[in-house]
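Listed below are the residues making up each chain.
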Amino acid sequence: MDQQTQQENREREWVRRLLEQKGMHPLELKSLKTPAPDVGVRLPDGRLLAIEVTEVLAGEHVRRTAKKKEAHLARQAAVGIYSMFALPANASDVACRIEAKVGKDYHVPPGHQLQLLLAASTFEHGAVAATLLLYVSVQELNQLTHDMLARSRYQHVYLHLQSGRGLYEWNRRQRWHEIHPPVFDAGGAPGPQELDPQTGK
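Not measured: the values here are computed from a predicted model. (Residues numbered from 1 in each chain as written. Predicted model: local features only at pLDDT ≥ 70, side-chain atom pairs only at ≥ 80, totals over all residues. Heavy atoms only, no water.)

Visitor: Help me understand unusual backbone geometry in this model?
Guide: A negative phi holds for most residues other than glycine; trans holds for most peptide bonds. Backbone torsion omega between threonine 34 and proline 35 reads 15°, so that peptide bond is classified as cis. Note on placement: proline 35 falls in the loop between β1 (28–31) and β2 (39–42). One non-glycine residue with positive phi stands out, namely serine 121, at about 50°. Examined against the element boundaries, serine 121 turns out to sit in the loop between β4 (112–120) and α5 (138–150). Of note in this structure, arginine 175 is not a glycine but carries a positive phi near 60°. By the secondary structure assignment, arginine 175 is in strand β7 (residues 175–180). By relative accessible area, which is 41% here, arginine 175 ends up partly exposed. (Helix = DSSP H or I, 4+ residues; strand = E, 2+ residues; numbered from the N terminus. Buried < 20%, exposed > 50% of the residue type's maximum accessible area, 1.4 Å probe, protein only.)

And the structure:
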């Protein structure tokens, strides 16, 4: 399987996880070709969604704002790839991902609603789940990102913390708000992933 196919599979899976948590069961979920957004969705009620998918990683804000020399020294000092993900991501990292997406010139298919999915605390990196959590507040998200989202073409934006199942939504009327708080166990780690008894997913 080539890298492009792997990426498309990952994007569809992350959209599937988001819709599943929202209690939505799409009739169709398919990869779209650039310059369209990443994933097209057809819902039972007739709505069509075009969802751009991106991943929020810890330290992106620091890496993007550091000078080239500083970034080079930081890479030399890093102890393996794990150190890049050793600290939780934060609202500044979310803002960096949004900033990278709001200026894109999407060719949205006719009749589709443009949305953005920010996937965080994803399962694929394989590190200890607690180190991948993203710690944000609604107030921070609104302060750092509302204005640029309001100027964008996005109609809905979702921040989905896959480990812990936290879910936040932005829209023009309500701004950022919490749909489902992250679930933690007694030790502060994400709670167990809730599985569908029929599908096991």
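What follows picks up the thread again.
Visitor: Please clarify how α5 should be interpreted in this entry.
Guide: An α-helical turn contains 3.6 residues, so a residue and the one three or four places further along point in the same direction. The end-to-end C-alpha distance of α5, which contains 13 residues, comes to just 16 Å, noticeably less than the 18 Å that a straight helix rising 1.5 Å per residue would cover. For α5, the principal kink sits at leucine 144 and spans about 45°. All of the buried residues along α5 are Leu141, Asn142, Thr145, His146, Met148 and Leu149. Check the buried side of α5 and you find it contacts α4 (91–102), β5 (156–161), β6 (166–171) and β7. (Expected span 1.5 Å × (residues − 1). Bend = angle between axes of the 7 residues up to and from the residue. Contact = heavy atoms within 4.5 Å.)

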